[in-house]
Amino acid sequence: MPSPDNATMAHLNAIAAALKIPLGQLVENGATCELDDASECLRLWCLLKTREGRGRALAALRAVVDGEGA
């Protein structure tokens, strides 16, 4: 893997922090199921075109989290 620039590293650090995982796990073990699922969520999020769509997606995720008693 090529050496990432400072902006890329900042983004990777932010993603790792949001997922509450070490940066090394994000970079070196990207094939894990949890990271695959998180990647799919980010991919789908990027396809949302409107603020309304993003709001509905967040509301749905919040409802699931609330239902799991997190």
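Engineer: I keep staring at the nonpolar core and nothing clicks. Help me out?
Structural biologist: Generally speaking, nonpolar side chains in soluble globular proteins are found buried as a group. L12, A16, I21, L26 and L35 together form the largest nonpolar core, which totals five residues. Aside from chain neighbours lying at most four places away, what touches A16 is I21, P22, L23 and L26.

Engineer: Would you mind going over the layout of surface pockets with me for this structure?
Structural biologist: Empty space among the atoms becomes apparent when a probe as large as a water molecule is rolled across them. Approximately 480 Å³ is the volume attributed to the largest pocket. Lining the largest pocket are 14 residues; nearest its centre among them are A38, C41, L42, W45 and L61. Residue assignment for the lining of the largest pocket shows that the elements contributing at least two residues are α1 (6-19), α3 (33-47) and α4 (51-67). Broken down by element, the residue count for the lining of the largest pocket peaks at seven residues, all from α3. Broken down by class, the residue content of the lining of the largest pocket amounts to 12 nonpolar, no polar and two charged.

Engineer: Please explain α4 as it appears in this structure.
Structural biologist: Side chains that are three or four residues apart share a direction in an α-helix, a result of its 3.6 residues per turn. Here α4 is 17 residues long and its end C-alpha atoms lie 24 Å apart, about the 24 Å a rise of 1.5 Å per residue gives. One or two steps after α4, the chain reaches G69, where phi turns positive at roughly 70°.

Engineer: I keep staring at the confidence of the model for the chain and nothing clicks. Help me out?
Structural biologist: Low pLDDT means the predicted atomic positions in that stretch should not be read closely. Chain-level pLDDT for the chain is 83 on average; 86% of the residues reach the 70-or-more range. Within the chain, helix α2 (residues 23-28) has the poorest average pLDDT of any element, 77, and α4 the best, 95.

Engineer: Got a minute to help me understand the pattern of salt bridges in this structure?
Structural biologist: Side-chain pairs of opposite charge can arise whenever the charged atoms involved come near each other. Summed over the entire model, instances satisfying the criterion amount to two salt bridges. Of the charged contacts in the structure, one is a salt bridge between R43 and E40, with a shortest N-O distance of 2.9 Å. With R43 and E40 both in helix α3, this residue pair falls three residues apart, about one helical turn. Given a relative accessible area of 44%, R43 falls into the partly exposed group. A salt bridge links R56 to E52; the nearest nitrogen and oxygen atoms lie 3.3 Å apart. With R56 and E52 both in helix α4 and four residues apart, the pair spans about one turn of that helix. Accessibility classification places R56 together with E52 in one group, the exposed group.

Calculation rules
Residues numbered from 1 in each chain as written. Predicted model: local features only at pLDDT ≥ 70, side-chain atom pairs only at ≥ 80, totals over all residues. Heavy atoms only, no water. Core = buried A, V, L, I, M, F, W, Y, C linked by side-chain atoms within 4.5 Å. Buried < 20%, exposed > 50% of the residue type's maximum accessible area, 1.4 Å probe, protein only. Contact = heavy atoms within 4.5 Å. 1 Å grid on protein atoms, 1.4 Å probe; cavity = no way out; pocket = protein on both sides within 12 Å on 5 of 7 lines; lining within 4 Å. Points joined across faces, edges and corners; volume = space filled by probe spheres on them. Helix = DSSP H or I, 4+ residues; strand = E, 2+ residues; numbered from the N terminus. Nonpolar A, V, L, I, M, F, W, Y, C, P; charged D, E, K, R; others polar. Expected span 1.5 Å × (residues − 1). pLDDT = per-residue confidence, 0-100. Salt bridge = Lys/Arg side-chain N within 4 Å of Asp/Glu carboxyl O.

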